[in-house]
Amino acid sequence: MTKDQKVVAIQEIKDLLQDAKVVYVADLEGLNAGKASDFRRQAFKQNIKVKVVKNTLLQKAMEQIEGVDYSEMFQTFKGNSALMIAETANAPAKLIKDFRKKEEKPALKSAFVQETFYVGDNNLDALVSIKSREEMIGEIIGLLQSPIQRVISALQNQSETAEATTEEVAAPAVEETPATETPEAAAEGEAPAAE
């Protein structure tokens, strides 16, 4: 690779990393062309960018990114490396885990997710369990809706109870009315009307 080609390759990697919040580096070594292609296809369907990179070029590109110190990941840059960029924090981890149900690889080398570094394949389960932004928003909305739904339900039950109570009170009141009025009651009833 010529110096110009290296400069272009580093720039391509920097462009991928520039605003990335979710960065994984995986080991695809050992996957044949068909399986590697299948992995890329599945990644594409899940909106995950996958780029096989040279370790030295990846490190140089990461060193040039401002605002994030990726140096914790550098120790894992050995052998074959694939850079994975995603919007959803746990999407690459889920893809790796699902793919490994049939295959031995890919293996997680390291990851940068939600401003935290994860080094080593033993962190894969922790990364899978990270909630995505959409999942967290959904849970928050659910938590906010829960008290509102209880209030609405209570108000509906209260109005139904009030209607039932009104019907129960109205029915006995009709039954308690005497069939005939006594002359004193009639006289009392007429006096306020005359005033």
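Just above sits the structure.
Residues numbered from 1 in each chain as written. Predicted model: local features only at pLDDT ≥ 70, side-chain atom pairs only at ≥ 80, totals over all residues. Heavy atoms only, no water.

Caption draft 1: Fine view of the packing of helix H1 (residues 3-17) against helix H3 (residues 55-63). At a minimum axis distance of 9 Å, the contact between H1 and H3 shows a crossing angle of 55 degrees. Judged by the inter-axis angle, H1 sits oblique to H3. In the packing of H1 onto H3, the handedness of the crossing is right-handed. Between H1, through Lys6, Ala9, Ile10, Ile13, Lys14 and Leu17, and H3, the contact on the second element is made entirely by Leu57, Leu58, Lys60, Ala61 and Met62. (Axes fitted to C-alpha atoms, helices over the stretch in contact; angles between N-to-C directions. Helix = DSSP H or I, 4+ residues; strand = E, 2+ residues; numbered from the N terminus. Parallel < 35°, antiparallel > 145°, perpendicular 65-115°, else oblique. Left-handed = near helix turned anticlockwise from the far one by under 90°. Contact = heavy atoms within 4.5 Å.)

Caption draft 2: Main features of the pairing of strand S5 (residues 116-119). When strand S4 (residues 107-113) meets S5, the two strands line up antiparallel, connected through 4 bridges. Bridge assignment links Phe112 to a residue of S5, and that residue is Phe117. In textbook terms, the turn of a hairpin is the stretch between consecutive antiparallel strands, and for S4 and S5 this stretch comprises 2 residues, one of which, Gln114, has a positive phi near 50 degrees. (Pairing = 2+ DSSP bridges.)

Caption draft 3: Layout of the sheet that holds S5. Strand order in the open sheet made by the 5 strands is S2-S3-S1-S4-S5, with antiparallel pairing throughout. A strand with exactly one partner marks an edge of an open sheet, and here the two such strands are strand S2 (49-53) and S5. For this sheet, the mean inter-axis angle between neighbouring strands, taken without regard to orientation, is 15 degrees.

Caption draft 4: Up close: the pattern of salt bridges. This structure, assessed with the given rule, holds 6 salt bridges. When the shortest N-O distance is used, the salt bridge between Glu12 and Lys51 registers 3.2 Å. Of this pair, Glu12 sits in helix H1 while Lys51 sits in strand S2, and the two are 39 residues apart along the sequence. Classification of Lys51 as partly exposed rests on a relative accessible area of 26%. Between Asp125 and Lys97 there is a salt bridge, with the nearest N and O atoms lying 2.4 Å from each other. With Asp125 in helix H5 (residues 124-128) and Lys97 in helix H4 (residues 91-99), the pair connects residues that are 28 residues apart, well separated along the chain. On the basis of relative accessible area, Asp125 is assigned to the partly exposed category, the value being 48%. (Salt bridge = Lys/Arg side-chain N within 4 Å of Asp/Glu carboxyl O. Buried < 20%, exposed > 50% of the residue type's maximum accessible area, 1.4 Å probe, protein only.)

Caption draft 5: Up close: the pairing of S4. Burial runs high along S4: 7 of the 7 residues are buried. Where strand S1 (residues 22-27) lies against S4, 6 bridges are found, and the strand directions are antiparallel. Counterpart to Asp27 in the pairing with S4 is Ala107.

Caption draft 6: Focus on the packing of helix H2 (residues 33-45) against H4. At a minimum axis distance of 11 Å, the contact between H2 and H4 shows a crossing angle of 145 degrees. The two elements H2 and H4 meet at a crossing, and its hand is right-handed. Along its contact with H2, which presents Lys35, Asp38, Phe39, Gln42 and Ala43, the element H4 presents Leu95, Ile96 and Phe99. When the residues that make up the contact of H2 with H4 are grouped by side-chain class, the tally is 5 nonpolar, 1 polar and 2 charged. (Nonpolar A, V, L, I, M, F, W, Y, C, P; charged D, E, K, R; others polar.)

Caption draft 7: Spotlight on the nonpolar core. By size, the foremost hydrophobic cluster in this structure holds 27 residues, and its most contacted members are Tyr24, Phe39, Ile48, Met84, Val113 and Leu127. Put simply, the parts of the chain that give this core at least two residues each are S1, H2, strand S3 (81-86), H4, S4 and H5. At 5 residues, the largest contribution of residues to this core is made by H4. Grouped together as the second largest cluster of nonpolar side chains are 21 residues, Ala9, Met62, Ile65 and Leu83 included. (Core = buried A, V, L, I, M, F, W, Y, C linked by side-chain atoms within 4.5 Å.)

Caption draft 8: Representation of H4. Residues of H4 that are buried: Ala91, Pro92, Ala93, Leu95, Ile96 and Phe99. Elements in contact with the buried residues of H4: S1, H2, S3 and H5.

Caption draft 9: Structural view of the environment of Ile130. You can see Ile130 is positioned in the loop between H5 and helix H6 (133-176). Its relative accessible area of 11% is what places Ile130 among the buried residues. A sequence separation of 41 residues divides Ile130 from Ala89, and the C-alpha atoms of the two residues are 6.8 Å apart.

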